[in-house]
Every structure is written in structure tokens, then in C-alpha cells.
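Structure at a glance
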Amino acid sequence: MTTTKLWQIHDEAGTEMGTRETADKAIAEAAGLLVQGETVAFPTETVYGLGADATNSAAVEGIYRAKGRPSDNPLIVHIADRSQMDTFAEGTPAEPLRRLMDAFWPGPLTVIVPVRAGAVSPLVTAGLSTVGVRIPDHPVALALLRAAGCPVAAPSANSSGRPSPTMAEHVADDLGGRIGGIVDGGPTGVGVESTVVEWASGAVYILRPGGVTAEQLREALPDVPVREPVRTGEPAGTPRAPGMKYAHYAPKGSMRVVLGDDPEAVAEWMRRDLDAAKARGERTGVLTYDERRGLHHADAVISSGRLAEPETIARGLYAALRQFDREGATYILAEGCPDTGIGRAVMNRLLKAAGQEVVRV
Ligand code: TXA
Ligand code: MG
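We now turn to the structure provided with this report. Just so it is clear, the structure is predicted and the values come from calculations on it, not from any experiment. (Residues numbered from 1 in each chain as written. Chains lettered and ligands numbered in written order. Predicted model: local features only at pLDDT ≥ 70, side-chain atom pairs only at ≥ 80, totals over all residues. Heavy atoms only, no water.)

Within the chain, the secondary structure is distributed over 10 helices and 16 strands. On C-alpha atoms alone, the chain measures out to a radius of gyration of 20 Å, which is about the 21 Å that the 2.2 N^0.38 rule sets for 361 residues. Reported as C-alpha extents along the three principal axes, the dimensions of the chain are approximately 60 × 50 × 35 Å. Residues classed as buried in the chain amount to 55% of the 361 residues present. (Helix = DSSP H or I, 4+ residues; strand = E, 2+ residues; numbered from the N terminus. Rg over C-alpha atoms; globule rule 2.2 N^0.38 Å. Buried < 20%, exposed > 50% of the residue type's maximum accessible area, 1.4 Å probe, protein only.)

Read from one edge of the open sheet, 11 strands run β1-β8-β2-β3-β7-β4-β6-β5-β9-β10-β11, paired in mixed fashion. Edge positions in the open sheet fall to β1 (5-10) and β11 (226-227), since each of these has one partner strand only. Where helix α1 (residues 20-35) meets the sheet, it contacts β1, β2 (40-42), β3 (49-53), β7 (152-153) and β8 (181-185), and its direction lies at approximately 140 degrees from that of β1. With respect to the sheet, helix α2 (residues 57-67) is in contact with β3 and β7, its orientation differing from that of β3 by roughly 155 degrees. (Pairing = 2+ DSSP bridges. Contact = heavy atoms within 4.5 Å. Axes fitted to C-alpha atoms, helices over the stretch in contact; angles between N-to-C directions.)

Moving on, we get to helix α3 (residues 95-104). What α3 keeps buried is the set P96, L97, L100, M101 and F104. All buried residues of α3 project into a common sector of 145 degrees when viewed along the axis, lining one side. Buried residues along α3 sit in contact with β5 (109-114), β9 (195-200), β10 (203-208) and α7 (214-220). (Arc of directions from axis to C-beta.)

On to the packing of helix α9 (residues 310-326) against helix α10 (residues 343-353). Two numbers describe how α9 lies on α10: the axes approach to 10 Å, and their chain directions differ by 15 degrees. On the basis of the axis angle, α9 is roughly parallel to α10. Where α9 crosses over α10, the two elements pack in a sense that is left-handed. Two secondary-structure elements touch here, α9 through I313, A314, L317, Y318 and L321 and α10 through V346, R349, L350 and A353. Of the residues that constitute the contact of α9 with α10, the class distribution is 8 nonpolar, no polar and 1 charged. (Parallel < 35°, antiparallel > 145°, perpendicular 65-115°, else oblique. Left-handed = near helix turned anticlockwise from the far one by under 90°. Nonpolar A, V, L, I, M, F, W, Y, C, P; charged D, E, K, R; others polar.)

Before going further, it helps to spend a moment on the pairing of strand β15 (residues 331-335). With respect to burial, β15 is a largely interior element, 5 of its 5 residues being buried. The two faces of β15 match: Y331, L333 and E335 on one face and I332 and A334 on the other face are all buried. Across 5 bridges, the pairing between strand β12 (residues 254-259) and β15 is parallel. Residue pairing across strands places M255 opposite I332, the latter belonging to β15.

The subject of this paragraph is the pattern of salt bridges. Pairing between side chains becomes possible if they bear opposite charge and their charged atoms approach one another. With the rule as written, the count across this model stands at 26 salt bridges. Between R162 and D325 there is a salt bridge, with the nearest N and O atoms lying 2.4 Å from each other. With a gap of 163 residues between them, R162 in the loop between β7 and α6 (168-175) and D325 in helix α9 connect regions that are remote in the sequence. The class of R162 is buried, set by a relative accessible area of 18%. For R306, the salt bridge is made with D290, and the minimal N-O distance between the two is 3.9 Å. Taken together, the residues R306 in the loop between β14 (300-303) and α9 and D290 in the loop between β13 (284-288) and β14 connect sequence positions 16 residues apart. In this structure R306 comes out as partly exposed when scored by relative accessible area, which is 34%. Connected via shared salt-bridge partners are R162, D174, R322 and D325. (Salt bridge = Lys/Arg side-chain N within 4 Å of Asp/Glu carboxyl O.)

With their axes 12 Å apart at the nearest point, α6 and α9 run at an angle of 50 degrees to one another. Of the possible angle classes, the one that applies to α6 and α9 is oblique. As α6 packs across α9, the resulting crossing turns out to be left-handed. For the pair α6 and α9, contact is made by E169, H170, D173 and D174 and by A319, R322 and R326, respectively. A breakdown of the residues in the contact of α6 with α9 according to their chemical character gives 1 nonpolar, 1 polar and 5 charged.

It is worth stressing that arrangement in space is one thing and function is another; only the former is reported here.
Encoded structure:
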């Protein structure tokens, strides 16, 4: 156990606390820890990241140790300014990727580019010849990255396998006592991780759906094919992010995703299935949406957000999944949402949280 330092810059509602000077001092201290080779969690616009100096193997090793992360799952490098890429990217990124950087940085887009040999720790790339990089769109993250000056490797700041943290409290629950510090910048905005893209054989491949939607990528690149990852039941064959094979985002209880076009029929099927679970002695949970709350009965009925505003679902998803653990739910049914726009990333995470267990009603 180490003592984890906490700097509170925003409160739970995202309101700035203290003065500008105290915030600047907090950032300077947190950056100091990073430069010394410690791990520091910080907010980004997607989820909280657990950062370490990407050029320092001992520091990066600290990330894997604190998270219990498999060592074959590479990390994303975070920078404040595009010019920093010159120090660790090999050559100029492919032209379509450069257009995406122009369109979406700073923002929830990670591009995979060839890595310059020896420029970042081999632990960051998990031995691959490529590296993922992004500029986060969050004032605290950008200030920290500028103050640290080094490229910062940062996976989501959760214990491996758990839902990603969207609040500093989630980070403390998972990693308190295991990392150097936590910069509390209030709740994150997007709520699901960045979209990871790669350029290969004349197309942009989405390796992980995320905060930038496929529709947005196509709009930015009308003349370039944008290919999406294989979904449940589809044949494999596209390149994928190594991390996508691991179970992830899961609450402690068992979870299934329920799909169907008729909300009443879905709710009716869920009611019967949950009654049976209850009779077996399970503590039941339902993950639903504000508009559907009234249709459900379970020990814990939790809404991730409003179907009418899908970005609220993305924002609330991981906190909702964590809430089931607090409620002690052992058997959870999650209602699916439309698989378009940001809903694509939400469904990707829900299916992973459920270990791909799907029921169609
Ligand atoms: O929004 C985000 O991306 C957050 C915040 C903290 O920036 N970070 C994040 O990191 O989600 P992590 O480690 O939880 O997910 C990184 C994903 C994994 O699926 C990993 O396999 C993939 O990116 N990845 C990283 N480097 C890669 C590479 N060189 N080639 C292919 N996939 C890569
Ligand atoms: Mg993660």
C-alpha cells in the first residue's frame, strides 16, 4: 500500500473549487509525481485515465501492477500538442488519419500509428510496432500534460475488468492505496472511451467504437472507406484492438442484455425471468432508461440515461453498472439501446459487460 494523494479541483457537480492558484499548484504537484515515475489518475473528457511517463518503463510497469492489467494489452499515449508526436511516432501519419486528427483533436479519438523504435517504453506498445495516441479534450488533462512535458501513457483508471471510472470516487474505490495520486476534476463528460482507429489497406478501421461515432468519421472522410469492428454473430477478419478480447466493464453480478422492438414485450419477458431469478434467491437488477423505468420491477432498477438523448446514456453507463455492485445485485438484465451514433459504443460496452450473453424477445 502507498498513500494516494488526492487533489480536488472540481466538486461532484463539476463546479470548480478553490482559487486558480490552488488549482495550478495541484496540477504542478501531480505533474511532479508523473515526472518522478509515479502513477497519477486524471480526468479526461471520456473516462478517468491512470497516467505514467510513457518513456519510463518502471513507471509504466506501475500502471499494469496497479490495475492488474494483462501485459499484452497496449496503452494509449496522451499528449497536449500534436508536435509531441514527432518524438515517438515513426514518419508522418497516413493522410486520412491526419484529416481525422484535424477534425477531432482534442477529442475522443485515438489513432494507431507506427512507433519510433525505443521512443516509448515497450510496455506501452505491448511489443507492437504501433502506438495509440490522442489529445484529450479536458482542461485538467491538458494542463497536467503540459506541466509534465512528457508523453503520458494512460489506460482507463479502473481495476482491470471493472467498469471504467467516470468520477474520481470510482478511481479511489478501485485503486486507492495502489497509485501515487488522483486529480479530481469532477465527473467526465462523454462517459465511454475514445474511438480507436487504424489505417490499413486503403481503409480506416474502427478497432473500438467510442466517443467519436462512425457517422462522424464518415462525414469527415467522405471519400475513404470506414470499416467497423465485427459485431456479435458476424464473421471475424478485421483487425481489432488487443484489449477488445478481454472481459471488461462487468458488474459483479451476472448480466444479460435483452433486445427487442416492443418495449412492453421486453419488459414482460424480463418480469417473468426476474421472478424466476428471485425465486432462486437472486438479488435482481434491471438496467434501463428514464423513459422505461415505470415498466420494470426488480430489487434495483437503475437508469443509465434518456433514450431521447443517447449521449446521456453514454455519460451514465459506467456509474450505473457500478451501482449494481453497491446494491448487491447478483442477477442483472440490461435493456439494449439503438445501435447507432453513440449507441454503438454503448452497446459494445454492454455486450462486453454481459460476456456477450444476449436474449432476443
Ligand atoms: O478514452 C480513452 O481512450 C481512455 C482515456 C483514459 O484516454 N483510455 C482508454 O485506455 O480507454 P484503455 O487502455 O482502457 O484502452 C486502450 C485500447 C485497448 O483496447 C487497446 O488494446 C487499444 O486501445 N490499443 C492501444 N494501443 C494499440 C495499438 N498499438 N494497436 C491496437 N490497439 C491498441
Ligand atoms: Mg479500459
